Amino acid sequence: MTLTSDTAMSMNFLNPVTTQTWTNGRHVVRCVKVIQETWDVRTFCFMAEQPVLYFFKPGQFVTLELDINGEQVMRSYTISSSPSIPYSFSITVKRVPGGRVSNWLHDNLGEGDELAVHGPVGNFNAIDFPADKVLMLSGGVGITPLMSMTRWFFDTNASVDLDFIHSSRTPRDIIYHRELEHVFSRIPSFNLHIVCERDGELNQAWSGYRGFLTEAMLEMMVPDFLEREIFCCGPTPYMEAIKRILEQRGFDMDHYHEESFGATPRAVQEDVRELAEQAEVAANEVDTEEMHSVEFIASGKSVRIQPSETVHSAAAKLGLHIPKACGMGICGTCRVALNSGQVEMDHNGGITDDDIEEGYILSCCSRPLGDVVIDF
């Protein structure tokens, strides 16, 4: 019997001996399917040439490593699929006017194309915050991590009382509309609520909620929302509005979780400016004896830096390029191995506890506490 390449590939995926398990790091994957979700949103599905079980926590994300016009560009996207379908993973991307990466993906990435991804990472997930009663709140393409969680709950027959509120610009902009209706029609403890800002320009019929989500709407849809674990993702103004409603109602914000990567938060920008001003003032006051040595063994280079500087800035001074996307310890792209020494790492979920135990750090947010040696 002659095996086709597709048959051989399928048989490989059934062989547990050749199957690897996904771990945080850099991986080359191949796009195997592109799904047009709405007029400006597409889902890209990925697999590996060799079988890989893509285990991750629903809600986590990956960072794509792309070559756009000869320039390396890194961008983070939530995994929209569920780990209950383990041999592939998907991201869902909205085309943004003027968006360099989103437009490139829509215009250039197709079936058979390969790219590198870093991850999976992220503190925003349904596994680390288990609850019997959950409320999900999403706006626009912010639905992607919550869809991953919902698919996971559905596929695993989780005993969860789930209310899902999704806000969309118009009916034709509702991402995963048919799947949402299917999933929420089959589980009595799952309740779906969709809000459309307006009917749209195509005379679309819409009998659901209209306008922006308000406290009155929230109270009407989910009367017991104060008793639920809340997961929220959407544009920054949307999440800020949700938090104001919850705080005014005295909600325990320890039970509120939101997706955090994307544009640099205002608070972080202010912190960066303040730290830059402090560094400028202190630059002439630093005793050279207080400086730390950072050695990069793979390149054979070393440099001395001030205590306030990061491993990533040390590499930059030597002309070494450690890939970086967010600069805030979120995306996990700048992960390197710490061979010796100690650092203070102020990350935001971009590295797992297992990675830390194995000696990895995120160079963008790690400041040496003494002389250190880095495997890069």
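In what follows, the accompanying structure is described. (Residues numbered from 1 in each chain as written. Predicted model: local features only at pLDDT ≥ 70, side-chain atom pairs only at ≥ 80, totals over all residues. Heavy atoms only, no water.)

**As for the overall build of the protein chain**
Phase 1 of the analysis: Of regular secondary structure, the protein chain possesses 9 helices and 21 strands.
Phase 2 of the analysis: Scored against the burial criterion, the 376 residues of the protein chain give a buried share of 47%.
Phase 3 of the analysis: The contacts in the protein chain between residues at least 6 apart in sequence include a share of 68% that link residues at least 24 apart.
Phase 4 of the analysis: Of the roughly 18900 Å² of accessible surface on the protein chain, 49% is carried by carbon and sulfur atoms. (Helix = DSSP H or I, 4+ residues; strand = E, 2+ residues; numbered from the N terminus. Buried < 20%, exposed > 50% of the residue type's maximum accessible area, 1.4 Å probe, protein only. Contact = heavy atoms within 4.5 Å. Areas by Shrake-Rupley, 256 points an atom, 1.4 Å probe, with all protein chains shown as cover.)

**Quick look at a negative patch on the surface**
Phase 1 of the analysis: A surface patch of negative charge is lined by Asp353, Asp354, Glu357 and Glu358.
Phase 2 of the analysis: In this structure, Glu358 sits in the loop between helix H9 (353-357) and strand S19 (360-362). (Patch = residues over 30% accessible without salt bridge, like charges linked within 9 Å, V, L, I, M, F, W, Y side chains within 5 Å. Salt bridge = Lys/Arg side-chain N within 4 Å of Asp/Glu carboxyl O. Lys, Arg positive; Asp, Glu negative; His and termini not counted. Charge placed at Lys NZ, Arg CZ, Asp CG, Glu CD.)

**Some details on the sheet that holds strand S14 (residues 256-258)**
Phase 1 of the analysis: Taken in spatial order, the 6 strands make up an open sheet running S12-S11-S10-S9-S13-S14, and their pairing is parallel. Two strands bound the open sheet, and with one partner strand each, they are strand S12 (209-210) and S14.
Phase 2 of the analysis: One ladder, built from 7 bridges, connects strand S9 (residues 133-139) with strand S10 (residues 161-168); its direction is parallel. Counted as the bridge partner of Val134 is Leu162 from S10.
Phase 3 of the analysis: Against the sheet, helix H4 (residues 177-186) contacts S10 and strand S11 (190-196), and its axis sits at roughly 150° relative to S11. (Pairing = 2+ DSSP bridges. Axes fitted to C-alpha atoms, helices over the stretch in contact; angles between N-to-C directions.)

**As for the sheet that holds strand S3 (residues 41-47)**
Phase 1 of the analysis: Pairing in this open sheet of 6 strands is antiparallel, and the strands run S6-S5-S8-S2-S3-S7 from one edge to the other. A single partner strand is all that each edge strand has here, and the edge strands are strand S6 (71-78) and strand S7 (89-94). Taking the axes of each pair of neighbouring strands and ignoring which way they run, one obtains an average angle of 40° across the sheet.
Phase 2 of the analysis: Summarising the sheet, strand S5 (residues 61-68) and strand S8 (residues 114-121) pair through 4 bridges and their orientation is antiparallel.

**A look at the pattern of salt bridges**
Phase 1 of the analysis: In this structure the tally under the stated criterion is 19 salt bridges.
Phase 2 of the analysis: Its salt-bridge partner being Glu197, residue Arg198 comes within 3.7 Å of it at the nearest N-O pair.
Phase 3 of the analysis: The exposure class assigned to Glu197 is partly exposed, which follows from its relative accessible area of 29%.
Phase 4 of the analysis: Linking Arg228 and Asp224 is a salt bridge whose minimum nitrogen-to-oxygen distance equals 3.0 Å. Asp224 matches Arg228 in its accessibility class, with the two residues each being buried.

**So, H4**
Phase 1 of the analysis: For H4, every residue scored as buried is listed here: Leu180, Val183 and Phe184. The arc enclosing the buried residues of H4, seen along the axis, measures out at 90°, which places them on a common side. Across from the buried face of H4, at angles greater than 90 degrees, the exposed residues are Arg178, Ser185 and Arg186.
Phase 2 of the analysis: Elements that come into contact with the buried residues of H4 comprise helix H3 (143-155), S10 and S11. (Arc of directions from axis to C-beta.)

**Examining the nonpolar core**
Phase 1 of the analysis: One finds Phe46, Leu64, Phe89 and Leu105 to be the most contacted residues of the largest nonpolar core, which totals 24 residues.
Phase 2 of the analysis: Those elements that provide at least two residues to this core are strand S2 (25-38), S3, S5, S6, S7, helix H2 (100-108) and S8.
Phase 3 of the analysis: Ranked by residue count, the leading element in this core is S5, at 4 residues.
Phase 4 of the analysis: Every residue in contact with Leu64, bar those within four places of it in the chain, is listed here: Val73, Met74, Arg75, Tyr77, Ile91, Leu105, Leu115, Ala116 and Val117. (Core = buried A, V, L, I, M, F, W, Y, C linked by side-chain atoms within 4.5 Å.)

**Focus on unusual backbone geometry**
The phi torsion of most residues other than glycine is negative, and most of the peptide bonds are trans.
Phase 1 of the analysis: Looking along the chain, the bond that leaves Gly119 and enters Pro120 is cis, with omega of 5°.
Phase 2 of the analysis: Mapped onto the secondary structure, Pro120 falls in strand S8.
Phase 3 of the analysis: Positive phi outside glycine occurs at Asn69, with the angle close to 55°.
Phase 4 of the analysis: Assignment of secondary structure puts Asn69 in the loop between S5 and S6.
Phase 5 of the analysis: Asn69 gets classed as exposed once you look at its relative accessible area, which sits at 77%.
Phase 6 of the analysis: One non-glycine residue, Tyr176, lies in positive phi territory at about 60°.

**Quick notes on the packing of aromatic side chains**
Phase 1 of the analysis: In the structure shown here, the tally under the stated rule is 8 aromatic pairs.
Phase 2 of the analysis: With a centroid separation of 5.9 Å and 85° between ring planes, the pair formed by Phe164 and Phe184 is classed as edge-to-face. Residue Phe164 is found in strand S10, and its partner Phe184 is found in helix H4; the two are separated by 20 residues along the sequence.
Phase 3 of the analysis: Residues Phe184 and Phe190 carry aromatic rings whose centres are separated by 5.6 Å and whose planes lie at 50° to one another, so their mutual orientation is tilted.
Phase 4 of the analysis: According to the relative accessible area criterion, Phe190 is buried, its value standing at 3%. (Phe/Tyr/Trp six-rings, centres within 6.5 Å; stacked < 30°, edge-to-face > 60°.)

**Remarks on helix H6 (residues 236-248)**
Phase 1 of the analysis: Under the 1.5 Å per step criterion, the end-to-end length of H6 is 18 Å for 13 residues, consistent within 8% with the ideal 18 Å.
Phase 2 of the analysis: Listing the buried residues of H6 in full gives Tyr238, Met239, Ile242, Lys243, Ile245 and Leu246. All buried residues of H6 lie within an arc of 160° about the axis, which places them on one face of the element. Projecting away from the buried face of H6 at angles above 90 degrees are the exposed residues Pro237, Glu247 and Gln248.
Phase 3 of the analysis: If you follow the buried residues of H6, they end up packed against S9, S10, helix H5 (215-221), strand S13 (229-233) and S14.
Phase 4 of the analysis: Gly250 occupies a position one or two residues after H6 and carries a positive phi of about 75°. (Expected span 1.5 Å × (residues − 1).)

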